[in-house]
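Residue-level structure breakdown
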Amino acid sequence: MAILEMKNLVVSVEGNTILHGINLIVKGGETHAIMGPNGTGKSTLAQIVMGHPKYKIESGEILLDGEVINEMPVDERSRKGLFLGMQNPVEVPGVTNFDFVKTAVTARLPKDKHLRIGKFILEFEDSAKELKMGSGLSHRFLNQGFSGGEKKRNEILQMKLLKPSIALLDEIDSGLDVDALRIVGENVTALKSPNLGMILITHYQRLLDYIVPDYVHIMIKGQIVKTGGKELIAKIDSDGYDWLKAELGIDDFDEGPKQFSLGTCATNPTTR
Amino acid sequence: MKNPDYLARSLGPIFLDQPLTHNTKIRLNEIDGTLNVSFPKTLKEKVSLIITSDLYLKKILLDFPTESNHSINLLYHFKKNEKREITFKLHPQSNVKIIESYLSIKPVKSDLTRVIELYHHAHLTLSSGVFMDGEHGFNDEILLKEIGARIDYDTLSIAHKQDSFKSTQNIRHLAKNTVSNVHNLMVVNHHAVIEFYVNGYIEKGMSGSNCKQQNRGVILSETGIVRVDPKLFIDEYDVEAGHGAAIGQINEDEMFYLLSRGLSESEAKRLILSGYTEPFVQSLDEGALKRTINQRIAKKVKGE
């Protein structure tokens, strides 16, 4: 059973601290939802766990199965079982979806094993069908020309085929219509098992109607400020986050950059 | 005068893998180093022409008659330093597709001049893949000489280590309603340098002409250089023209996405670059050549 741990994690980007001491443990079989207002650091959390080079760990640790992975290369994290379903999957022209997933699955195999291509093709097609992705998907270039919903379904398709032990799904519900949301929700729920721990990052209750979390964490200003069960979801859906900010005494307004005057000859006292 | 059978037997310098018998006129003059190939109007199958450095060959002319229709594979295999001129002459209404591959067995120095003459409504689709090692100069004079002439010209150049490629492409619209579409893709690794000077000229009175240039450079190392200078010289109002260049390293987000799926950095680079190189490789019909080119690309990208 996989375990992902974050201990006092402080993360910055371009000199600005985004995460201020995150503590979280996710075990195989558990589903955690992370909710919170815009710009609060939820996606940063997902990206830093996966090892995006743009973000810097100032202090604290990320552990996967007890091993500190702060310095571990991105590809190695993936092969160790981490998966990030991205909010904005990039388009890679010229690389077919099938070739990409096949290469990724092959990269996970021990050196002395080869991919059984016939079996893999069937699995790819079955998974695409379950996600109602239509024919011709395998020959299309990776995410190029995909609708927002297709891109998100393609992320779940990859998750199904790569079989991670810890998956972070970053706003996998954005861009999905009602039917697509149901399909994605059902497919992700079908993947739930003691061998898979999940973190769902979302703004909205509707995804969590289909994928019921065991724990709900509220993140505000780079910190997990409250953890509870699914009852928190309904509360946020009806009342937003203001009650929580009030309860915890969180000020909504940042100081922002200090204002200063460029000055003019007319107002500069030294020239009068 | 050498007959095709002689050429086929000689293999080393020139090998025509199709039986270009009575319809194709080939004049090979080993004294002044010229090879003239006059094609018939049509041939049943695609022609592959392999040209190596074993023969003294200064000038090559491929001549396509009026209303001819051809698909040609050209492979230039350099074994030593060379200076050569190649001319493609497309007579009226001809429609020709040429795929060229440049290879060398070791770093060499070459200086190639290519003259392309296109007459009344002739259409040339030219794909050129440069995978040689060493120092190479390419000078293209593309002459759209008569009304309706058109060229669609794609190049793929991959350089590594100390390679230095310099290309000058002069595209001259010398008649009305002529069209040129030029797409250059450059990939450099290590200390290699690729330079492209792309000049489109539309003379006064050549209305209805269309001159487009697109250039893209991908730099795989810290010290590789891609230099592109696209220029348009337009002396006529009623035309369409555009040019651009985009040069940079592989997009960080693209890399992160592929790495996040477990691909190693070299595998991710290879896959992203295959998006650029595959259209050229797939256009080659011949399996062995395809494998050779793929191996060359892999070597250059990996830095072997």
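Since the structure is predicted, the reported quantities are computational estimates derived from the model, not experimental observations. (Residues numbered from 1 in each chain as written. Chains lettered and ligands numbered in written order. Predicted model: local features only at pLDDT ≥ 70, side-chain atom pairs only at ≥ 80, totals over all residues.)

Counting 138 residues, the largest nonpolar core has B:Leu118 and B:Leu124 as the members making the most contacts within it. Leave out the neighbours within four places in its chain, and B:Leu124 touches B:Phe88, B:Leu90, B:Val96, B:Ile98, B:Ile116, B:Leu118 and B:Ile151. (Core = buried A, V, L, I, M, F, W, Y, C linked by C-beta atoms within 7 Å. Buried ≥ 20, exposed ≤ 12 C-beta atoms within 10 Å, placed from the backbone. Contact = placed C-beta atoms within 7 Å.)

The next point concerns the sheet that holds strand β9 (residues 166–170) of chain A. Residue and element names in this part refer to chain A. With mixed pairing, the six strands of this open sheet are ordered in space as β6-β9-β10-β3-β11-β12. Single-partner strands in this sheet number two, and they are β6 (82–85) and β12 (223–228). Between one strand axis and the next, the sheet turns by 20 degrees as a mean value, whatever way the strands run. Where β9 meets strand β10 (residues 197–201), five bridges bridge the pair, whose relative direction is parallel. What sits directly across from Leu169, in β10, is Leu200. Most of the contacts of helix α5 (residues 148–162) go to β6, to which it runs at about 165 degrees, and overall it touches β6 and β9. Against the sheet, helix α8 (residues 231–239) makes contact with β3 (31–35), β11 (215–220) and β12, and its axis sits at roughly 40 degrees relative to β11, the strand it touches most. (Pairing = 2+ DSSP bridges. Helix = DSSP H or I, 4+ residues; strand = E, 2+ residues; numbered from the N terminus. Axes fitted to C-alpha atoms, helices over the stretch in contact; angles between N-to-C directions.)

This part covers the packing of helix α3 (residues 265–283) of chain B against helix α4 (residues 287–302) of chain B. All names here are of chain B. Packing of α3 against α4 leaves a shortest axis separation of 11 Å and a crossing angle of 140 degrees. Compared by their axis directions, α3 and α4 come out oblique. Between α3 and α4 lies a crossing whose hand is right-handed. Residues Ser266, Lys269, Arg270, Leu273, Thr277 and Val281 of α3 lie in contact with α4, whose contacting residues are Lys290, Ile293, Asn294, Ile297, Ala298, Val301 and Lys302. Looking at the contact of α3 with α4 residue by residue, the class counts come to six nonpolar, three polar and four charged. (Parallel < 35°, antiparallel > 145°, perpendicular 65-115°, else oblique. Left-handed = near helix turned anticlockwise from the far one by under 90°. Nonpolar A, V, L, I, M, F, W, Y, C, P; charged D, E, K, R; others polar.)

Take the interface of chain A and chain B next. Interface size, as often reported, equals the accessible area lost upon joining of the parts. On the side of chain B, 17 residues touch chain A, which itself brings 21 residues to the contact. Of all the elements in the fold, those that place two or more residues in the side of chain A that touches chain B are α2 (74–79), β7 (92–96), α3 (97–108) and α5 of chain A. Top contributing element to the side of chain A that touches chain B by residue count: α3(A), with five residues. Split by residue class, the side of chain A that touches chain B holds 13 nonpolar, five polar and three charged.

With that out of the way, let us pick up the confidence of the model for chain B. All names here are of chain B. Scored by pLDDT, chain B comes out at a mean of 87, with 89% of its residues at no less than 70. When mean pLDDT is taken per element in chain B, strand β13 (residues 164–173) scores highest with 98 and helix α1 (residues 4–10) scores lowest with 36. Of the regions scoring below 50 in pLDDT, residues 1–22 engages in 33 contacts with residues more than four places distant in sequence or in other chains. Quick note on the complex model: pTM equals 0.76, ipTM equals 0.89. (pLDDT = per-residue confidence, 0-100.)

Let us now look at the environment of A:Ala2. Within the secondary structure layout, A:Ala2 lies in the segment before β1 (3–13). Between the C-alpha atom of A:Ala2 and that of A:Gly66, which follows or precedes it by 64 residues, the distance is 9.2 Å.

Right, let's talk about the pairing of β12(A) for a bit. All names here are of chain A. With five bridges joining them, β11 and β12 adopt antiparallel strand pairing. Within β12, the position partnered with Met219 by the bridge is Ile224. Taken together, β11 and the strand that follows it, β12, pair antiparallel across an intervening segment of two residues, in which Lys221 is found at a positive phi of about 50 degrees.

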